[in-house]
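Structural features, examined
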Amino acid sequence: MEQKNIPQADIQRFKQLNFQSFQDLAQDPNLSPYQKIGFPNAYREGKERAIFEDILAKMSNLQLPNINVLDIGCGCSDLVQIITQHCAEKSQFLLLNDGKAMLDLIPNPAQGAKVAGYFPQQTADILNPYQNQIEVIITYSVFHYVFEEGNIYNFLDNCVNLLAPQGQLLIGDIPNVSKRKRFFASEAGIKYHQNYTQTDTFPPAFSYEIAPDQIDDGVLFGIIQRYRNAGCEAYILPQRADLPMSNRREDILIVKN
Ligand SMILES: C[S@@+](CC[C@H](N)C(=O)[O-])C[C@H]1O[C@@H](n2cnc3c(N)ncnc32)[C@H](O)[C@@H]1O
């Protein structure tokens, strides 16, 4: 697990991001590709191959040739380029979705298209014809922005409607404040905090107040129940231990029956 001190400028810059501010970051020539997608370099530089390997291990459909793949909120760093290369090697049809400014920074897929706009409201015209036809949907490190800015069930219902039978949706890299609290209450979490702050203090005590902008176990379990009730299989999955935020983030896999 990584522990790096984050530059103050990045802390300010990435404090409160939304779809529009990501497009502003995308157009800032002074930022690295990792900063343009809202991460300090230390969290992503050299790590995105491992992130892709973790995605690949969770999504067996990615091994199939000639399928349809959709990446929602694809960003502009190495991860989307690795996904694009993988899809080309497998002759997969790839739809890349994000804001136009972000999409302008990445190559076109060998087969497929870029779909600019906020999913699902601004992409319905182009994506609705793919209902029940997409074997792989990846939305990595996007869901917490939808949680703050949009309607998570509208977002996820639209994803599930696009899935083909046996299609797989990975909602990746979800920050879970309940997991974070459990970690910082543990011996490993205390050591992590002391190393990070370079002090011998303890992590701050946590409260039971509702945090309106934070995803917790209740949100994740609610998602599992909603899509199981809708006839899908749904699982909460841990991230590979060497991923930069595996101590406080996890993934959800939804599979359409
Ligand atoms: C933290 S970045 C992650 C980028 C990429 N998935 C990755 O992990 O490398 C979040 C991205 O999601 C995009 N995004 C946020 N909400 C979105 C939505 N509703 N529809 C499409 N893109 C969205 C942002 O513009 C941003 O590029």
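Below or above, wherever it landed, is the structure these notes cover. (Residues numbered from 1 in each chain as written. Predicted model: local features only at pLDDT ≥ 70, side-chain atom pairs only at ≥ 80, totals over all residues. Heavy atoms only, no water.)

**Looking at empty space enclosed by the protein**
Over the atoms a probe the size of a water molecule is rolled, and this reveals where empty space is left. Selection criterion: With a 1 Å grid spanning the protein atoms alone, the term cavity applies to any set of points in which a 1.4 Å probe fits but cannot get out, the term pocket to an open set with protein on both sides within 12 Å along at least five of seven lines, and the term lining residue to any residue with an atom within 4 Å of a point. Grid points are joined across faces, edges and corners, and a volume is the space filled by probe spheres set on the points. By the criteria applied, helices consist of DSSP H or I runs no shorter than four residues and strands consist of E runs no shorter than two, each listed in order from the N terminus. When residues are sorted by character, Ala, Val, Leu, Ile, Met, Phe, Trp, Tyr, Cys and Pro go into the nonpolar class, Asp, Glu, Lys and Arg into the charged class, and all the rest, Gly among them, into the polar class.
Scanning the entire structure with this criterion turns up 3 cavities of 30 Å³ or more. There is about 380 Å³ of room inside the largest cavity. Around the largest cavity sit 30 residues that line it, and G73, C74, D98, S141 and V142 are the ones nearest its centre. Within the residue set of the lining of the largest cavity, elements represented by two or more residues are α2 (19-26), β1 (68-72), α6 (78-89), β2 (93-98), β4 (134-140) and α9 (143-149). For the lining of the largest cavity, the per-class residue count stands at 18 nonpolar, 8 polar and 4 charged. Forming the boundary of the second largest cavity are F39, Y43, R44, I51, Y140, D173, Q239, L243, P244 and M245. In the lining of the second largest cavity, the residues fall into 7 nonpolar, 1 polar and 2 charged.

**Considering the site of the ligand**
So the rule is basically this: We call a residue near a molecule or strand when any one of its heavy atoms sits within 4 Å of it. For the purposes of these results, a polar contact is taken to be a pair of N or O atoms within 3.5 Å, where, inside protein, one atom must be able to donate a hydrogen and its partner to accept one; residues adjacent in sequence count only when each atom of the pair is a side-chain atom. Surface exposure here means Shrake-Rupley accessible area, sampled with a 1.4 Å probe, where a residue is shielded only by the protein chains that are shown. Here the criterion for a molecule occupying a pocket or cavity is that more than half of its atoms lie within 2 Å of the pocket grid points.
In the vicinity of the ligand there are 21 residues, among which R44, G73, D98, F119 and Y140 approach most closely. A distance of 2.7 Å separates a nitrogen atom of the ligand from a polar backbone atom of G73. Look at the ligand: alone it shows 600 Å² of surface, and the protein chains cover 99% of it. Spatially, the ligand is embedded in the largest cavity. For the shell around the ligand, the secondary structure elements donating two or more residues are α2 and β2. Broken down by element, the shell around the ligand gets its largest block of residues, 3 residues, from α2. Looking at side-chain class alone, the shell around the ligand contains 12 nonpolar, 7 polar and 2 charged residues.

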